[in-house]
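Examination of the molecular architecture
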Amino acid sequence: MASSNYPFQNLAILLVTISSLVFVSLAGNFNQEFDLTWGDGRGKIVSNGQVLTLSLDKASGSGFQSKDQYLFGKIDMQIKLVPGNSAGTVTAYYLRSEGSTWDEIDFEFLGNLSGDPYIVHTNVFSQGKGNREQQFYVWFDPTSDFHTYSILWNPQHIVFYVDGTPIREFKNSESIGVPYPKNQPMKIYSSLWNADDWATRGGLVKTDWSQAPFTASYRSFNDDQACVWLSSSGSSSCSNSNSNSNSSSVLLSEELDATGQQRLKWVQKNYMIYNYCTDTKRFPQRLPPECTATNKS
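What counts and how
Residues numbered from 1 in each chain as written. Predicted model: local features only at pLDDT ≥ 70, side-chain atom pairs only at ≥ 80, totals over all residues. Heavy atoms only, no water. Disulfide = S-S within 2.5 Å. Helix = DSSP H or I, 4+ residues; strand = E, 2+ residues; numbered from the N terminus. Buried < 20%, exposed > 50% of the residue type's maximum accessible area, 1.4 Å probe, protein only. Contact = heavy atoms within 4.5 Å. pLDDT = per-residue confidence, 0-100. Core = buried A, V, L, I, M, F, W, Y, C linked by side-chain atoms within 4.5 Å. UniProt positions renumbered as here; feature names shortened; annotations may be inferred. Phe/Tyr/Trp six-rings, centres within 6.5 Å; stacked < 30°, edge-to-face > 60°. Lys NZ or Arg CZ within 6 Å of the ring centre and 35° of its normal.

1. Remarks on the state of the cysteines
Overall, the coordinates contain 2 disulfides when judged by the stated rule. A sulfur-sulfur separation of 1.9 Å characterises the disulfide bridge that pairs Cys227 with Cys238. In this structure, the disulfide formed by Cys227 and Cys238 twists by about -90 degrees around the S-S bond and is classed as left-handed. Pair noted here: Cys227 is in strand β13 (residues 214-230) and Cys238 is in the loop between β14 (235-236) and α3 (243-251), with a separation of 11 residues, a long-range link. A relative accessible area of 0% means that Cys227 is categorised as buried. Linked covalently through their sulfurs, Cys277 and Cys291 form a disulfide whose S-S length is 1.9 Å. One disulfide, between Cys277 and Cys291, carries an S-S torsion of -75 degrees and so falls in the left-handed class. Of the two residues, Cys277 sits in the segment after β15 (272-275) while Cys291 sits in the segment after β15, which places them 14 residues apart along the sequence. Taking the relative accessible area as the measure of exposure, Cys277 reaches 5% and is therefore buried. Owing to a relative accessible area of 14%, Cys291 belongs among the buried residues under this scheme.

As structure tokens, this is what we get:
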């Protein structure tokens, strides 16, 4: 019996290997899709465009941005955060539009002393107004390996995902007068910088520069389900009838299903450490209008 199964075991291994190779080949190429924008050489694209690294030392941090702009869709990036004593450092990964009344969807990863958990800081800006922070711990060490951080953005809601698990949902509450990001295309940005005036315990813990350079790594960028903004026509790729836009168009009406809602509640019960929608000291008169029973997540 064992010998008769052996070829099938080999076939299974081969299929897994092929699928892994296909995934690698489909991953975005950083040389083609991003520009290193600042840091005087501290940002690097290596491994034939498959990996990007950002570094921070006492003189400067570094950053990059996407060549494309997007209006809705789902974007994935695998990130391995700064290991060891990363207190004072912030690795920011976000979408942002241009102008004084910008829209923005933020992941920020706040470093900490060795052994203490990273803080995943999220925020949503619409028409230049933010102050919608939620913060989380994660259920793994984000510095020991790459993990996938995703943003789903459509006209109904914005969902932040970690390894496919939703950690935050920000719903469209325009019906009660809350501006929602839906008209301004955004680029992807990321930066690694020193924020020891506020990032770790309110600035009490300073960056230990003897640990520098601090380095964060990126790979496996995927925008296959995102709507690329075409400035020449003033529309997005999801308006076109091609195979890539069809999968993106499905996401434009996607909601969290029952399983997604259950996983979201699990994260918020066990790993959320700050929610602006429950901060009555910060908002003593009344909580922001979107902080209702149906949208306090």
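The discussion continues.
2. A short note on the environment of Leu54
Examined against the element boundaries, Leu54 turns out to sit in strand β3 (residues 51-56). Considered as a pair, Leu54 and Lys44 are 10 residues apart in the sequence and their alpha carbons are 6.6 Å apart. The residues touching Leu54, leaving out its near neighbours within four places in the chain, are Arg42, Gly43, Ser62, Gly63, Phe64, Ser190, Ser191, Leu192, Phe214, Thr215, Ala216 and Tyr218.

3. Considerations on the confidence of the model for the protein
Summary statistics for the protein give a mean pLDDT of 87 and a share of 85% for residues scoring 70 or more. Contacts for the low-pLDDT stretch residues 1-26, under 50 throughout, to residues beyond four places or in other chains number 3 contacts.

4. Comments concerning the nonpolar core
The tendency in soluble globular proteins is for nonpolar side chains to be buried as a group. Of all hydrophobic cores here, the largest spans 50 residues; its most connected members are Met77, Phe107, Phe109, Trp153, Ile158 and Tyr218. Excluding residues within four positions of it along the chain, Phe109 makes contact with Ile79, Leu81, Thr89, Val90, Thr91, Tyr93, Tyr118, Ile119, Val120 and Tyr149. In this structure, Leu152, Val159, Tyr161 and Leu251 belong to the second largest nonpolar core, which totals 6 residues.

5. Description of the UniProt feature "active site" (unreviewed entry) in the protein
Residues annotated in UniProt with the feature "active site" (unreviewed entry) correspond here to Glu104 and Glu108. Within the secondary structure, Glu104 is located in strand β6 (residues 104-110). Of note, Glu108 is situated in strand β6. Residue Glu108 is classed as buried on the basis of its relative accessible area, which comes to 14%. Ignoring anything within four residues of it in the chain, the contact list for Glu108 reads Val90, Thr91, Ala92, Ile119, Val120, His121, Trp193 and Trp198.

6. Examining unusual backbone geometry
Along the chain, Ala212 connects to Pro213 via a cis peptide bond; the corresponding omega equals 0 degrees. Relative to the helices and strands, Pro213 is located in the loop between β12 (186-194) and β13. Phi is positive for Asp163, which is not a glycine, with a value near 50 degrees. When you line up the elements, Asp163 lands in the loop between β10 (157-162) and β11 (165-171). Residue class for Asp163 comes out partly exposed when judged on its relative accessible area of 34%.

7. With respect to the packing of aromatic side chains
Per the stated rule, a full pass over the model turns up 18 aromatic pairs. Taking the centre distance of 4.8 Å and the plane angle of 80 degrees together, the rings of Phe34 and Phe221 count as edge-to-face. Of this pair, Phe34 sits in strand β1 (residues 34-38) while Phe221 sits in strand β13, and the two are 187 residues apart along the sequence. Here Phe34 matches Phe221 in class, with each residue buried. Aromatic side chains Phe107 and Phe109 sit 5.7 Å apart centroid to centroid with 10 degrees between the ring planes, which places their arrangement in the stacked category. The pair Phe107 / Phe109 is uniform in exposure class, with both members buried. A cation over an aromatic ring shows up here: Lys74 above the ring of Tyr161, its NZ or CZ 5.6 Å from the ring centre. In this arrangement the basic side chain of Arg96 is found over the ring face of Trp102, its NZ or CZ atom lying 4.3 Å from the centre.

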